[in-house]
Amino acid sequence: MPIKLDKLDPNFKFLVASTPGGENITRCFACGTCTAGCPVRDIDERYNPRKIIHMVLLGMKDEVLKSDFVWLCSACYTCSERCPQEVYITELMTALRNIAVQEGYIHPAFTAQASALAKYGSLYEVGEFENKKRGNLGLPELQRKTEKTLEIFKSVGLDKVVQEEK
Amino acid sequence: MRYALFLGCTVPVRAMNYELSARKVAEVLGIEFIDMEDALCCGFPVKSINREASIIMAARNLALAEKQGLNICTLCSACTSVLTEVNKVLIEDEELREIINKKMGDIAYNGKVEVKHFSRILYEDFGVDRLKTFVERPLEGIKLAAHYGCHYLKPSEIYDGFDDPEQPKSLDLLIELTGAESVMYQGRGDCCGGAILGVEEEIALKMTKKKLDHVKAVGADAMISICPFCSVMYEGNQKKIEKEFDTKYGLPVLYYPQLLGLALGISPDELGFKLNRVKAKGLLAKLNGEKVSA
């Protein structure tokens, strides 16, 4: 689909640049070092960091935030290490995800992780079964509390993202 | 040497062999681990959706260790990266530290804690030469493929240059001190794909497969991992990959402390080998001098 000029948001790049992790986005000179070394791009062409950065710079806000590709970064930091302009692309992708969440777009995999943390105080349930197994191996009993995690989630508005009991 | 042991979420539930072997090895080496009872998740899983939440969670864990008067030892590389990154930011940015302390309310962090992965502690603080003096049983005759993973080395600016992210050697040296050979293979620095397993399984598994193929190509007896999620990918999902892509690996994936433990003379049982999904029978037989049929 061709770019529609009247749908572009010229301020999107400034929003990204003012979000932690996105500060250096306007430094990008599109060399493509990020994409060349990207292990995800190597498997699936939908994920292309240079293209995503360019879309942000053009102001394609909706196309970026509603996309599935912002969630495909595997956070390996290869691009960040090699970027000659210090765009810190991995952190930039985190910034884009953070903005997407604020705009109401979140990948269910991340909702599930936050929900597990709210429910168990850990990504995985630590109950009687797990502790019995640990005990048999001579490992100390483990207790995970949810109170502080929930407090933190609430203080930053993440409680709204967390899914109730499924 | 005393550390607050930060287990995180995955290790104590899905990688008990890692925890068991790390504790055992530490005991033999005289490294003392103190458990962190009120520790939260490190914050890594929520960084993508809310960076502030991950900072507060990490800060709280740092503050808890500071209260114990201890530096943190981690086992998971994702925990290591978030705790190290937030620690660096909070040490350098006093203003942010005050804001985060205010948000935490009941506890404060003053920037006095150091965070290190267990492998880095062994390499950097305990030292390769000193480790060698503890080797009771040299593991000669086996070829191993080191998997560093991403967050153990990167982003490099938070790790004070303890190793080179493009050409790392610390894990190879840790492997070789046991007497085993650390083999080179294509794509050593490649990512396991674990971070997007829940987002797009097919891509993640293809990333995992790529490395399994490269490791198989050089005929390694096992792969050595230092992160529970990398092991979930290479070991936990190995059968699934074999099935989906109609191939066969049968490649054991050991945690580094399991390997080191063998060299220290600890029995496989005590190192949790029974919990390894891909059994290391062939490798153990080889070490016992038995002939192994392929």
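Worth saying up front: this structure is predicted, and the values here are computed from it rather than measured.

Engineer: So what exactly am I meant to see when it comes to the overall build of chain A here?
Structural biologist: Each helix and strand in chain A was counted, giving nine helices and zero strands. For chain A, the succession of helices and strands along the chain, N to C, is α-α-α-α-α-α-α-α-α. The globule rule puts the C-alpha radius of gyration for 166 residues at 15 Å, and the 19 Å found for chain A is more than 25% above it. Each principal axis of the C-alpha distribution contributes one length, and for chain A these read about 60 × 30 × 25 Å. Counting every position in chain A, which comprises 166 residues, the buried fraction comes to 39%.

Engineer: Looking at this model, I keep getting lost on the sheet that holds strand β2 (residues 32–35) of chain B. Mind explaining?
Structural biologist: Strand pairing in a sheet is mediated by backbone hydrogen bonds. Such pairs are either parallel or antiparallel. Residues and elements named next belong to chain B. Pairing in this open sheet of four strands is parallel, and the strands run β2-β1-β3-β4 from one edge to the other. The open sheet terminates on both sides in strands that have one partner only, identified here as β2 and β4 (115–117). Pairwise comparison of adjacent strand axes, ignoring direction, gives a mean angle of 40° for this sheet. Relative to strand β3 (residues 71–74), strand β1 (residues 2–6) runs parallel, the two being bridged by four bridges. Within the sheet, the bridge partner assigned to Tyr3 lies in β3 and is Asn71. In this fold helix α5 (residues 77–92) packs onto β1, β3 and β4, with an angle of close to 160° to the strand it touches most, β4. Along the sheet, helix α7 (residues 118–132) makes contact with β3 and β4, crossing β4 at roughly 95°.

Engineer: Would you mind going over the domain arrangement of chain A with me for this structure?
Structural biologist: Many authors give the size of an interface as the accessible area that is lost as the parts come together. Segmenting chain A into domains produces domain 1 (5–102) and domain 2 (108–160). Here domain 1 of chain A and domain 2 of chain A have C-alpha centroids that lie 31 Å from each other.

Engineer: What am I meant to see in the environment of B:Phe118 here?
Structural biologist: Its location among the elements puts B:Phe118 in helix α7. A sequence separation of 138 residues divides B:Phe118 from B:Tyr256, and the C-alpha atoms of the two residues are 9.7 Å apart.

Engineer: Teacher, can you tell me more about the interface of chain B and chain A here?
Structural biologist: Of the residues lining the interface, 40 residues belong to chain B; the matching set on chain A comes to 46 residues. Every element with two or more residues in the side of chain B that touches chain A is listed here: α1 (11–14), α2 (16–29), α3 (44–47), α4 (51–68) and α9 (201–217) of chain B. Per-element tally for the side of chain B that touches chain A: the top contributor is α4(B), with six residues. Residues that form the side of chain B that touches chain A fall into these classes: 22 nonpolar, six polar and twelve charged.

Engineer: Could you clarify how one ought to interpret the nonpolar core in this entry?
Structural biologist: Burial of nonpolar side chains together is a common tendency in soluble globular proteins. If you look at the biggest cluster of nonpolar residues, it comprises 146 residues, and the most contacted ones within it are B:Ala59, B:Leu83 and B:Ile224. Looking at this core, the element that brings in the most residues is α4(B), giving ten residues.

Engineer: How should I be thinking about helix α9 (residues 147–155) of chain A in this particular structure?
Structural biologist: In an α-helix there are 3.6 residues to a turn, and that puts residues three or four apart on one side. Taken residue by residue, α9(A) has A:Thr149, A:Ile152 and A:Phe153 as its buried positions. All buried residues of α9(A) fall inside an arc of 100° around its axis, so they share one side. Contacts made by the buried residues of α9(A) are with α7 (108–120) of chain A together with α4 of chain B. Trailing α9(A) by a residue or two, A:Gly157 shows a phi angle of about 80°, which is positive.

Engineer: I'm lost on the domain arrangement of chain B in this one. Help?
Structural biologist: All names here are of chain B. In terms of domains, chain B is made up of domain 1 (2–117) and domain 2 (136–287). With 22 residues of domain 1 in contact, the opposing surface of domain 2 contributes 23 residues. Those elements giving two or more residues to the side of domain 1 that touches domain 2 turn out to be α1, α2 and α5. The element that contributes the greatest number of residues to the side of domain 1 that touches domain 2 is α2, accounting for nine residues. The class makeup of the residues in the side of domain 1 that touches domain 2 is ten nonpolar, eight polar and four charged.

Parameters and conventions
The numbers attached to residues start from 1 for each chain and follow its sequence in the written order. To read the labels, note that chains go from A and ligands from 1, taken in the order they are written. Note on the predicted model: pLDDT of at least 70 is required for a residue's local features to be given, and 80 or more for side-chain atom pairs to be given and counted; whole-chain, interface and lining totals, by contrast, use all residues. Numbering of helices and strands starts at the N terminus; helices are DSSP runs of H or I of at least 4 residues and strands are runs of E of at least 2. As defined in this context, the radius of gyration uses C-alpha atoms, and a globule is described by 2.2 Å times the residue total to the power 0.38. Exposed residues have 12 or fewer other C-beta atoms within 10 Å of their own C-beta, buried residues have 20 or more, and residues in between are partly exposed; the C-beta atoms are placed from the backbone. Only strands joined by at least two bridges in the DSSP assignment are considered to pair. Interaxial angle, 0 to 180 degrees, is taken between N-to-C directions of lines fitted to C-alpha atoms, where a helix line uses only the stretch in contact. Working definition of a contact: two residues with C-beta atoms, positioned from the backbone, lying within 7 Å. Start and end positions for the domains come from either an automated domain assignment or a database one. Throughout, the ten residues Ala, Val, Leu, Ile, Met, Phe, Trp, Tyr, Cys and Pro are labelled nonpolar, Asp, Glu, Lys and Arg are labelled charged, and all others, Gly among them, are labelled polar. As used here, a nonpolar core is made of buried Ala, Val, Leu, Ile, Met, Phe, Trp, Tyr and Cys residues. They are joined through C-beta atoms within 7 Å. Think of the arc as the fan of directions from the helix axis to the C-beta atoms.

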